[in-house]
Amino acid sequence: MTFSAQQIAMMIGGSVEGDAQAAVDSFGKIEEATAGQLAFLANPKYEDYLYSTGASVIIINDKLVLRQPVAASLIRVPDAYNAFAILLTKYQQLQLQQMEGRQEPSYVDETATVGKNVFIGAFAYIGRNVRIEDGVKIYPQVFIGDEVTVGAGTVLHPGVRVYNQCSIGAGCTVHGGTVIGADGFGFAPQADGSYQKVPQIGNVVVEDNVEIGANTTIDRATIGSTIIRTGAKIDNLVQIAHNVEVGANTVIAAQTGISGSTKIGRNVLIGGQAGIVGHIRIGDGARINAQSGVSKSLDNGKSVTGSPAYDYSAALRSQALSRKLPEMDQKIKALEKQLEELRRLSMANGF
Amino acid sequence: MTFSAQQIAMMIGGSVEGDAQAAVDSFGKIEEATAGQLAFLANPKYEDYLYSTGASVIIINDKLVLRQPVAASLIRVPDAYNAFAILLTKYQQLQLQQMEGRQEPSYVDETATVGKNVFIGAFAYIGRNVRIEDGVKIYPQVFIGDEVTVGAGTVLHPGVRVYNQCSIGAGCTVHGGTVIGADGFGFAPQADGSYQKVPQIGNVVVEDNVEIGANTTIDRATIGSTIIRTGAKIDNLVQIAHNVEVGANTVIAAQTGISGSTKIGRNVLIGGQAGIVGHIRIGDGARINAQSGVSKSLDNGKSVTGSPAYDYSAALRSQALSRKLPEMDQKIKALEKQLEELRRLSMANGF
Amino acid sequence: MTFSAQQIAMMIGGSVEGDAQAAVDSFGKIEEATAGQLAFLANPKYEDYLYSTGASVIIINDKLVLRQPVAASLIRVPDAYNAFAILLTKYQQLQLQQMEGRQEPSYVDETATVGKNVFIGAFAYIGRNVRIEDGVKIYPQVFIGDEVTVGAGTVLHPGVRVYNQCSIGAGCTVHGGTVIGADGFGFAPQADGSYQKVPQIGNVVVEDNVEIGANTTIDRATIGSTIIRTGAKIDNLVQIAHNVEVGANTVIAAQTGISGSTKIGRNVLIGGQAGIVGHIRIGDGARINAQSGVSKSLDNGKSVTGSPAYDYSAALRSQALSRKLPEMDQKIKALEKQLEELRRLSMANGF
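Reading the values: rules and limits
- Residues numbered from 1 in each chain as written.
- Chains lettered and ligands numbered in written order.
- Predicted model: local features only at pLDDT ≥ 70, side-chain atom pairs only at ≥ 80, totals over all residues.
- Heavy atoms only, no water.
- Pairing = 2+ DSSP bridges.
- Helix = DSSP H or I, 4+ residues; strand = E, 2+ residues; numbered from the N terminus.
- Contact = heavy atoms within 4.5 Å.
- Axes fitted to C-alpha atoms, helices over the stretch in contact; angles between N-to-C directions.
- Least-squares fit on C-alpha atoms with pLDDT ≥ 70 in both.
- Buried < 20%, exposed > 50% of the residue type's maximum accessible area, 1.4 Å probe, protein only.
- Buried area = accessible area lost by both parts, 1.4 Å probe.
- Salt bridge = Lys/Arg side-chain N within 4 Å of Asp/Glu carboxyl O.
- Nonpolar A, V, L, I, M, F, W, Y, C, P; charged D, E, K, R; others polar.
- Polar contact = N/O pair within 3.5 Å; in protein donor to acceptor, adjacent residues only side chain to side chain.
- Phe/Tyr/Trp six-rings, centres within 6.5 Å; stacked < 30°, edge-to-face > 60°.
- Domains from an automatic or database assignment.
- Parallel < 35°, antiparallel > 145°, perpendicular 65-115°, else oblique.
- Expected span 1.5 Å × (residues − 1).

A few words now on the sheet that holds strand β5 (residues 37-41) of chain A. Residue and element names in this part refer to chain A. Spatially, β2-β7-β6-β5-β4 is the arrangement adopted by the 5 strands of the open sheet, whose pairing is mixed. The sheet is open, and its two edges are formed by β2 (15-17) and β4 (26-27), each paired on a single side. In this sheet, strand β7 (residues 73-77) lies alongside β2 in antiparallel orientation, the contact comprising 3 bridges. Bridging across to β7, E17 finds its partner in L74. Here helix α3 (residues 80-98) sits on the sheet and contacts β4, β5, β6 (57-61) and β7; the angle it forms with β5, its principal contact strand, is near 145 degrees.

This part takes up the sheet that holds strand β8 (residues 101-102) of chain C. Residue and element names in this part refer to chain C. Taken together, the 12 strands give an open sheet; going across it, the order is β8-β11-β14-β17-β20-β25-β28-β31-β34-β37-β39-β40, and neighbouring strands pair in mixed fashion. If you trace the sheet from one side to the other, it starts and ends with β8 and β40 (310-311), each paired once. Where strand β37 (residues 287-288) meets strand β39 (residues 303-305), 2 bridges bridge the pair, whose relative direction is parallel. Note on β39: the bridge partner recorded for I288 is V304.

In this section: the relation of the copies chain A and chain C. For these two chains of identical sequence, chain A goes onto chain C by a turn of 120 degrees and a shift of 0.1 Å along the axis, with RMSD 0.2 Å. Classification of the inter-copy transformation places it as that of a three-fold axis.

In this section: unusual backbone geometry. In this model, S307(B) is joined to P308(B) through a cis peptide bond whose omega is 0 degrees. Along the chain, P308(B) falls in the loop between β39 (303-305) and β40 (310-311). Although it is not a glycine, S261(A) sits at a positive phi angle of roughly 70 degrees. Of note, S261(A) is situated in the loop between β32 (257-258) and β33 (263-264). At N117(B), a residue that is not glycine, the phi angle is positive and equals roughly 55 degrees. Within the secondary structure, N117(B) sits in the loop between β10 (113-114) and β11 (119-120). The exposure class of N117(B) is partly exposed, given its relative accessible area of 31%.

This part covers the interface of chain C and chain B. Each partner contributes to the interface: chain C provides 61 residues, whereas chain B provides 64 residues. Approximately 4900 Å² of surface area, both sides summed, lies buried where chain C meets chain B, with 63% of it carried by carbon and sulfur atoms. Here E211(C) ties to K197(B) by a salt bridge, and the two come within 2.7 Å at their closest N and O atoms. The biggest single contributor to the side of chain C that touches chain B is helix α5 (residues 325-349) of chain C, with 12 residues. Residues of the side of chain C that touches chain B, tallied by class, amount to 28 nonpolar, 21 polar and 12 charged.

At the junction of the two partners, chain A supplies 61 residues and chain C supplies 64 residues. Around 4900 Å² of area is buried between chain A and chain C when both sides are counted, 63% of it from carbon and sulfur atoms. Of all residues in chain A, the largest losses of buried area upon contact with chain C belong to F123(A), R323(A) and L339(A), amounting jointly to 12% of the total for that side. Counting every contact that joins chain A to chain C gives 2 salt bridges. Counting every contact that joins chain A to chain C gives 25 residue pairs in polar contact (both at pLDDT 80 or more). Ranked by the residues each element gives to the side of chain A that touches chain C, the list is headed by helix α5 (residues 325-349) of chain A, at 12 residues. Broken down by class, the residue content of the side of chain A that touches chain C amounts to 28 nonpolar, 21 polar and 12 charged.

Take the pattern of salt bridges next. What the rule picks out here adds up to 43 salt bridges over all chains. R67(C) is the salt-bridge partner of D48(C), the closest N and O atoms lying 2.7 Å from each other. Highlighted residues: D48(C) in helix α2 (residues 47-52) and R67(C) in the loop between β6 (57-61) and β7 (73-77), separated in sequence by 19 residues. For R67(C), a relative accessible area of 53% puts it in the exposed group. One network of salt bridges, with partners in common, ties together E47(A), D48(A) and R67(A).

The subject of this paragraph is the packing of aromatic side chains. Residue and element names in this part refer to chain A. In the structure shown here, the tally under the stated rule is 36 aromatic pairs over all chains. When the ring of F27 is compared with that of F84, the centres are 5.6 Å apart and the planes differ by 85 degrees; the resulting orientation is edge-to-face. In this pair, F27 sits in strand β4 while F84 sits in helix α3, placing the two residues 57 residues apart along the sequence. The same class applies to F27 as to F84, namely buried. One aromatic cluster in this structure is built from F3, F27, F40, Y81, F84 and Y91.

Frequently, the measure chosen for interface size is the accessible area that the parts lose on association. What the domain assignment reports for chain A is domain 1 (3-97), domain 2 (102-313) and domain 3 (314-348). Of note, the centres of domain 1 of chain A and domain 2 of chain A, computed from C-alpha atoms alone, are 38 Å apart.

Right, let's talk about the environment of M328(B) for a bit. Checked against the element boundaries, M328(B) lands in helix α5 (residues 325-349). Sequence spacing of M328(B) and G171(B) is 157 residues, and the spatial spacing of their C-alpha atoms is 56 Å.

In this section: the packing of helix α1 (residues 5-12) of chain A against α3(A). Residue and element names in this part refer to chain A. Between α1 and α3, the shortest axis-to-axis distance is 10 Å and the interhelical angle comes to 100 degrees. Here α1 lies roughly perpendicular to α3, going by the angle between them. Between α1 and α3, the residues in contact are I8, M11 and I12 and A83, L87 and K90, respectively. Across the contact of α1 with α3, the residue classes tally to 5 nonpolar, no polar and 1 charged.

It is worth spelling out the side chain of N203(C) at this point. Residues and elements named next belong to chain C. You can see N203 is positioned in strand β24 (residues 203-206). In terms of polar contacts, N203 uses its side chain to reach the backbone carbonyl oxygen of Q165, at 2.9 Å. Setting aside its immediate chain neighbours within four residues, N203 contacts Q165, C166, R220, A221, G224, S225 and T226.

This brings us to helix α3 (residues 80-98) of chain B. Residues and elements named next belong to chain B. Taking 1.5 Å per residue, 19 residues should reach 27 Å; α3 reaches 27 Å between its end C-alpha atoms and fits that length. Listed as buried for α3 are A80, A83, F84, A85, L87, L88, T89 and Y91. The N-capping residue of α3, defined by a side-chain oxygen 3.1 Å from the backbone nitrogen of Y81, is D79.

Below is the structure:
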């Protein structure tokens, strides 16, 4: 799609300086953009690029005073970064809305109900009694098991698998290869050393506006539901075990693992590769540093790091000191020697 | 499917109290269950729910003495939890058995042999000379490469990939997105700094009754076989490198990684996010704590934790003390000061 | 395919001892090989197997002096291991070249251009304006989004997903389930505690001769490109975030995670389960040990370990001493006691 500077200015409420008909059909970083591209300048550090860039249209801050003439058309707005982000979001939504209809071959069970303006890609599978609401976009090769619900406007990228009976809310995005609703990992040890599977008959409930990255796994509950609350953001390759609950607007970075039945509060921030044991509670607003190993419940607002994890500041002090262990060891040895010497002297000297 | 209290009692060898015709068609937790659901009460802590639950049928322990009348029909058995688990397992097996036939479009090479009571989902791919034994359930979008064998009763969930020449035993379950038989990670460094791939021509052998979670990766051997022995249970997002052997009934939690050629014994327990270096041997019955980094072979029955991992109890003591490092550091400084003082005094005092 | 000892000798420039017509159709380890198999003996430690193996043909080193007669046909070469690897590579390339044509059903958009000697497996999806160069092998169930380029001779294994606008170079191998080009993980916090998605409109550029393992995730850039340079080797379940750059011939072991905008140099070696924070620079030839947590930029050639990671040798000393913490703690307590005693004595003795 091609847009003129004038059209873009209307979309983001800006005013044009220069050729209002200058046309762009893609985006670029200001330092790399070429003719026909739209760029933005938010950080004054990059102002020099404004005068050398090949971009045809540039979004800039209202207050920027030009030091020399600019070849490109300019669009002035109060906050160039925000305006650019809003524009991109609108652009992507526009693109998504244009995806519509059903590619063949795809498999849609006759008992499934499909809303308006839905896209179903080739090789997608939609099982019995599934409900797909309006505006859902199902990329090729997605699997949707029996009795699943997918809320309005949700986007499922290629190769997402949603097992039977799970539900995905409205306005969600799930990236490629993510598996929602596989069996929780539960086995009862038997007398002969083997294990008997504990059936996992619960499901996964993903609420609205949740984003889930690629190749992440969220297991179904043993009984009841594993729940991902509204607005949670989960990165790639994250493991969420059975009966876990992730609170609203909680953010979980890549490769983190959360063990069974743990409840994570709202607005928690969890760094990458962190591990959290089962059956604990992480308070609202807690912060868990990357690679932490959390083995105990955390109060609201608590910050931790390390494995095992504890108070962030205290752990940083201990980590710093652990680098001084060789020095501390030397000091102890020196003290022992000096003390021994002193004692010998004292003894010689006195008693 | 709907079952009466009487039918359920027959399946699990229990006796009904109340309406034997009370009907249920799904399961619920006793604290959440509604009319038409089956629940169980095993833990006396939850007994209050027995009198308030909406469940229509409840499985309880033989010995439970009711404190007040119960609206639901009761089924008494020696062990309510076990009976419930057995019932669920039977129910799920029944559901699986009903999956049969071949959905279209699917791809089955004409040289493949397919047993009785097999299900092949839409968009599944079955290559040349594959042998699928009786009762195998292949969900949609599964890939089975050439010359693969899949044993009787095994279930492959959506998007499982089994590369050429690998074999999966009987009674196994493999969850969505798991990749079995991708190339091991072997590259020979060249004089110019680049790497030459070492061909990986072995395979993966998964024995019987193995369960493998979602998005796990098990690489084929360089030569010979990567082997997962009978009854092993492997969670989600686990990495098992080329030529590894995992012993019978060994349990590996999510996101653990095992490097090339390492041999894991029988009945080993490995926590989540653990890492094990290559070319070592983990003894039977060893226990490796979550997030451990195991760099040396372990004797039978050994328990370890930490990164690098060592003896569990000793490591816990050191971990606890590492939190006291600031205190120890202060003590050392105080000792140095006091000793210096004492020495000055001694010198002043004596020699 | 069956080959005679004579044919194999010609392929690898060796000379045959024994029956030049001995035929083999597969490979085996010398200790396990059976009739009809080809094996090799490179490590003198295994020489005994030479006299007991069932292999029909064995590649051995020129200089090996036999201690007793060998039943198999022998092929003598300067370096048996190298010759075997070269043979395997040729064999696998031959097998790949034979894969050709298009299995049905598959989906190839009419605007896509497809080169010569290309294989497209069943249920593969190829979007608008895609360019597939000569000799590319696309296994079943692969997804290739709009405007993607795949370079000559590249192999995409089952279930690989390449999102819109990404490009894969020539001579690459990508294993099953890997997702290239999912959205980077970028969200702007809002006043109400929720998050606004930052659109991710960049792409991923994979250069030539790159190998990527199974179920790995490489996110597209926010703007610009996430770049994997020529010859890089990336293992399974690795996470590479938006705007990361991985240098030429850099090797990354399984389950490692690299956060956004970090630049990794050339010929870096990164062990398994390592984590690297965002916005730093890892110098050429650096070595990062398994399970390290790298939080600061590293100079060229630097070796680090630990979490947080620092100088390899120093960290090893501290790790060793951390095991002696109980002992150090005892020593400090003993010193305190002795010092107190000495002070009391001194005081009694002097002033």
